[in-house]
Amino acid sequence: MLPLRLFIHTRRHPSAILLLVQLLGMLSYPFIEGTAAGRVAFNVFGIVVLAFTIRMVRRTPGEVRVSWALAVPIIVLLLAQILLGMQQLAAWSSGLEALFYFYAAGSLIAYMMNDERATTDELFAAGATFTLLAWGFTHLYVMLQEVHPGTFAAAINASSPRTWTELNYLSFALLSSTGIGDVIPLTVHARALASVEMLIGLMYLAVVVARLIAFTTRSRIEVGRVRRRERDEWDQD
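Cut-offs applied
- Position numbers for residues count from 1 along each chain, tracking the sequence in the order it is written.
- For a predicted model such as this one, the threshold for reporting local features is a pLDDT of at least 70, and the threshold for listing and counting side-chain atom pairs is 80 or more; totals across whole chains, interfaces and linings nevertheless cover every residue.
- Side-chain numbers here rest on the full set of heavy atoms in the structure, without hydrogens or water.
- By convention, a stacked pair of Phe, Tyr or Trp rings (six-membered ring in the case of Trp) has centres within 6.5 Å and planes under 30 degrees apart, an edge-to-face pair has planes over 60 apart, and any other such pair is tilted.
- Only runs of H or I of at least four residues qualify as helices and only runs of E of at least two qualify as strands under DSSP, and these elements are numbered from the N terminus.
- Any residue under 20% of the maximum accessible area for its type is buried, any over 50% is exposed, and the rest in between are partly exposed; the area is computed with a 1.4 Å probe on protein chains only.
- Only buried Ala, Val, Leu, Ile, Met, Phe, Trp, Tyr and Cys residues count toward a nonpolar core, and they belong to the same one when joined by side-chain atoms within 4.5 Å.
- Should any heavy atoms of two residues lie within 4.5 Å, those residues are considered in contact.
- Buried and open spaces are told apart on a 1 Å grid over the protein atoms alone, a cavity being a set of points where a 1.4 Å probe fits but cannot get out and a pocket being an open set with protein on both sides within 12 Å along at least five of seven lines. Residues with an atom within 4 Å of a point are the lining residues.
- Grid points are joined across faces, edges and corners, and a volume is the space filled by probe spheres set on the points.
- Under the scheme applied here, ten amino acids are nonpolar (Ala, Val, Leu, Ile, Met, Phe, Trp, Tyr, Cys and Pro), four are charged (Asp, Glu, Lys and Arg), and all others, including Gly, are polar.

**Student:** For this particular structure, what's the right way to read the packing of aromatic side chains?
**Tutor:** To describe a pair of aromatic rings, one takes the distance between the centres and the angle between the planes. Scanning the model with the defined rule gives 10 aromatic pairs in all. Each ring, one from F130 and one from F172, has its centre 5.9 Å from the other, and the planes form 50 degrees; the classification is tilted. Residue F130 is located in helix α6 (residues 120-147), and its partner F172 is located in helix α7 (residues 164-175); the two are separated by 42 residues in the primary sequence. Pair check on accessibility: F130 and F172 agree, each one buried. With centroids separated by 6.2 Å and ring planes inclined at 45 degrees, the aromatic side chains of F130 and Y204 adopt a geometry described as tilted. Within this pair, whereas F130 is found in helix α6, its partner Y204 is found in helix α8 (residues 188-236), the two being separated by 74 residues in sequence. Each of the two residues, F130 as well as Y204, counts as buried.

Listed below in structure tokens is the structure:
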């Protein structure tokens, strides 16, 4: 019965499942990075996330055909890395994954901005969109590092290539404007991209999230007014 309930929940709130899958990936990656088996698992999990993301895009104004057009070459590239060990394709797959996640995030934003109410799924979508944006920039950083080694430094092992988890940590720090990241972009291209991410993070919080909060507050106020009116009518009777 549990798989059936999970399937029903994914149909009602696909954004929540996508958010959960991404968070599980972020918590799992540190334990598997740095090994051959871990890289395989990383790419397999990437394909799983693609599948959940396409399922989510079907609920938005976004075109599923565009998602598939991006997802198919990504899957081919990831399978080539898994089966043939062609790690030199990482830059290409990361670049396409960044485009895929940005398109999915844009579709979710259009979904949330499509009406003037905040549903439960839209609240989950706000979190899923944030993670999609962060993952998109993470893959852009991976692509930069593959093309230009030494793009990023860190407090520990400064000259070593940064792992996906480290770059994902940098992405979340920039997107949320917390400023607690210890991974530093060194090249002008990386710094320009980091500046764009900080701007997008601020705009997302100021426009999309604030809008949902306003709708949620307005709905609660309206419900409170209706309840008070019903209570007053009951007292008069």
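**Student:** Would you explain the nonpolar core in this entry?
**Tutor:** Generally speaking, a soluble globular protein has its nonpolar side chains buried in company with each other. Core analysis: the biggest nonpolar cluster contains 50 residues, and F100, M112 and Y141 have the highest contact counts within it. Those elements giving two or more residues to this core turn out to be α2 (14-32), α3 (36-57), α4 (64-83), α5 (90-112), α6, β1 (152-154), α7 and α8. Residue contributions to this core peak at 13 residues, all from α6. Setting aside chain neighbours within four positions, we find F100 in contact with L50, T53, I54, S67, L70, A71 and I74.

**Student:** What exactly am I supposed to notice about the layout of surface pockets here?
**Tutor:** A probe as big as a water molecule, rolled over the atoms, marks out the empty space that is left. Approximately 660 Å³ is the volume attributed to the largest pocket. For the largest pocket, the lining is made up of 27 residues, of which R39, E146, R162, T163 and W164 are closest to its centre. Residue assignment for the lining of the largest pocket shows that the elements contributing at least two residues are α3, α4, α5, α6 and α7. A class-by-class count of the residues in the lining of the largest pocket yields nine nonpolar, 13 polar and five charged.

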